[in-house]
Amino acid sequence: MEEVTNKYIAIKAKVDGIPKESDFEVKTEQFSLSVKPGSNDIIIKNLYVSIDPYQINRMKTASASQKTSNYAVAIAPGEVIDAYGVGKVVASGNPQFEKGDYVVGMISWGEYSISQGLILSKLDPMGLPLSYHVGVLGFSGLTAYAGFFEVCKPKKGEKVFVSAASGSVGNLVGQYAKSLGCYVVGCAGSTKKVELLKETLGFDEAFNYKEETDLHSTLERYFPEGIDIYFDNVGAEMLDAAVSNMNLYGRIAVCGVISEYLDAGKRAAPDMLSVIYKRINIRGFLAGDYMNLFPEFVSTTVDHIQTGKIHVLEDVSSGIESIPSAFLGLFSGSNVGKKIVKLSDE
Ligand SMILES: NC(=O)c1ccc[n+]([C@@H]2O[C@H](COP(=O)([O-])OP(=O)(O)OC[C@H]3O[C@@H](n4cnc5c(N)ncnc54)[C@H](OP(=O)(O)O)[C@@H]3O)[C@@H](O)[C@H]2O)c1
């Protein structure tokens, strides 16, 4: 039975404060590359893993929202951290997978994973880079597609605002909105990101939210005729400012509240009287509820990539040891586009 040393990332203890690299460790374990006779296991060599903000909420002492939902199950110190990614099957006891298959789904922040095939599919790379199947054609892409088209129900010409717009989900929301013929404004945390949104991704306007002192008047400036759709990735005061600038029957898709992940004190209740008077629909959603859209999302997005309507924005680091800094970078805004860690050559 062939064994290798598998390196994986774990937290040392629950991460309740501001996370830092010393909260993480690289652990090693002896890992068998053979499947036990009669087992359904799939042994995977991990190639690319997704780095996602929601993992921080799994690292904290369980919050009330975690206790009342089955999403984002807590991660225990020392444990392997499951994460979305692409890998290659090394051995399989599961008849649906064979050695040499590319797979996409839940693998781990480690060099190898073992799966029972529950959230795992065979992957046809379609001649595209494998990393695309982690980001633009993976869960981030589905989040943008389902959140924008299904939750926001956009119409051509509507006015759309996207926060964390240079990030993995946000940049795609903006590009989908442009492909539909909407007026799109994004916000991001640096001048360079703002330029990228306008010059490379085709946003109509963009601004650096860190340079703005009054977000209510900033949004009024960019949306003199009001906002029809706000795709919220950040929560807190940006949500409040958006509500005050929404049009009648506006839609807000609450995708994420990253500005509150490290600082629950930042939570701000939007002006609910405005929500009522303007009949605003504020809706939280999880991409996982829209798996039925996956085939439609992939074919539309591949077409948009091939026709140049979607510019793929990825930010790839290499090696298992780079995972903690890649992850922490999401909260300081060091990533541009989908953050991915490459773990091995194909
Ligand atoms: N509902 C779902 O199913 C689902 C699925 C995937 C992701 N999400 C959520 O969607 C959001 C975006 O996720 P992503 O994977 O696309 O990450 P991402 O946008 O690629 O990376 C996070 C970005 O958020 C911005 N940010 C960090 N701290 C911030 C703060 N305090 N205020 C404002 N912006 C801040 C940073 O950009 P700047 O330089 O612009 O600050 C950073 O680059 C997250 O809230 C995530 O939890 C939800």
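About the thresholds
- Residues numbered from 1 in each chain as written.
- Predicted model: local features only at pLDDT ≥ 70, side-chain atom pairs only at ≥ 80, totals over all residues.
- Near = placed C-beta within 6 Å.
- Helix = DSSP H or I, 4+ residues; strand = E, 2+ residues; numbered from the N terminus.
- Domains from an automatic or database assignment.
- Axes fitted to C-alpha atoms, helices over the stretch in contact; angles between N-to-C directions.
- Parallel < 35°, antiparallel > 145°, perpendicular 65-115°, else oblique.
- Contact = placed C-beta atoms within 7 Å.
- Nonpolar A, V, L, I, M, F, W, Y, C, P; charged D, E, K, R; others polar.
- Pairing = 2+ DSSP bridges.
- Buried ≥ 20, exposed ≤ 12 C-beta atoms within 10 Å, placed from the backbone.

Focus on the site of the ligand
Now for step 1: Residues in contact with the ligand amount to 30 residues; listed here are only the nearest, Gly167, Ser168, Gly189, Gly256 and Gly333.
Now for step 2: Going through the elements one at a time, α3 (139-151), α4 (168-180), α8 (258-261) and α11 (323-332) are the ones with two or more residues in the shell around the ligand.
Now for step 3: Among the elements that make up the shell around the ligand, the one with the highest residue count is α4 (three residues).
Now for step 4: Residue assignment places the shell around the ligand across two domains, with domain 1 (3-136 + 313-342) and domain 2 (151-285) each supplying three or more.

With respect to the packing of α3 against helix α10 (residues 294-306)
Now for step 1: Orientation of α3 relative to α10, taken along the N-to-C sense of each, is 100°, at an axis distance of 10 Å. Judged on the interaxial angle alone, α10 and α3 are roughly perpendicular. Touching Gly141, Leu142 and Tyr145 of α3 are Phe294, Phe297 and Thr301, all from α10.
Now for step 2: Among the residues forming the contact of α3 with α10, the class breakdown is four nonpolar, two polar and no charged.

Structural notes on the sheet that holds strand β10 (residues 205-208)
Backbone-to-backbone hydrogen bonds join strands into a sheet, with any given pair of strands oriented parallel or antiparallel.
Now for step 1: Spatially, β10-β9-β8-β11-β12-β13 is the arrangement adopted by the six strands of the open sheet, whose pairing is parallel. The sheet is open, and its two borders are formed by β10 and β13 (281-284), each paired with just one other strand. When the angles between neighbouring strand axes are averaged without regard to direction, this sheet yields 15°.
Now for step 2: Inspection of the sheet shows strand β9 (residues 183-188) paired to β10 by four bridges, in the parallel sense. In the strand pairing of β10, Ala188 is matched with Asn208.

Remarks on unusual backbone geometry
Now for step 1: Non-glycine residue Lys153 carries a positive phi angle of around 45°.
Now for step 2: When you line up the elements, Lys153 lands in the loop between α3 and β8 (159-162).
Now for step 3: For Lys153, a count of 12 C-beta atoms within 10 Å translates into the label exposed.

Let's talk about the pairing of strand β15 (residues 338-342)
Regular strands have side chains that alternate between both faces of the sheet.
Now for step 1: Of all five residues in β15, four are buried, a share of seventy percent or more.
Now for step 2: Sheet topology places strand β3 (residues 42-50) next to β15; three bridges connect them, and they run antiparallel. For Val49, the partnering residue across the bridge sits in β15 and is Val341.
Now for step 3: The pairing of strand β14 (residues 314-318) with β15 spans five bridges and is classified as parallel.

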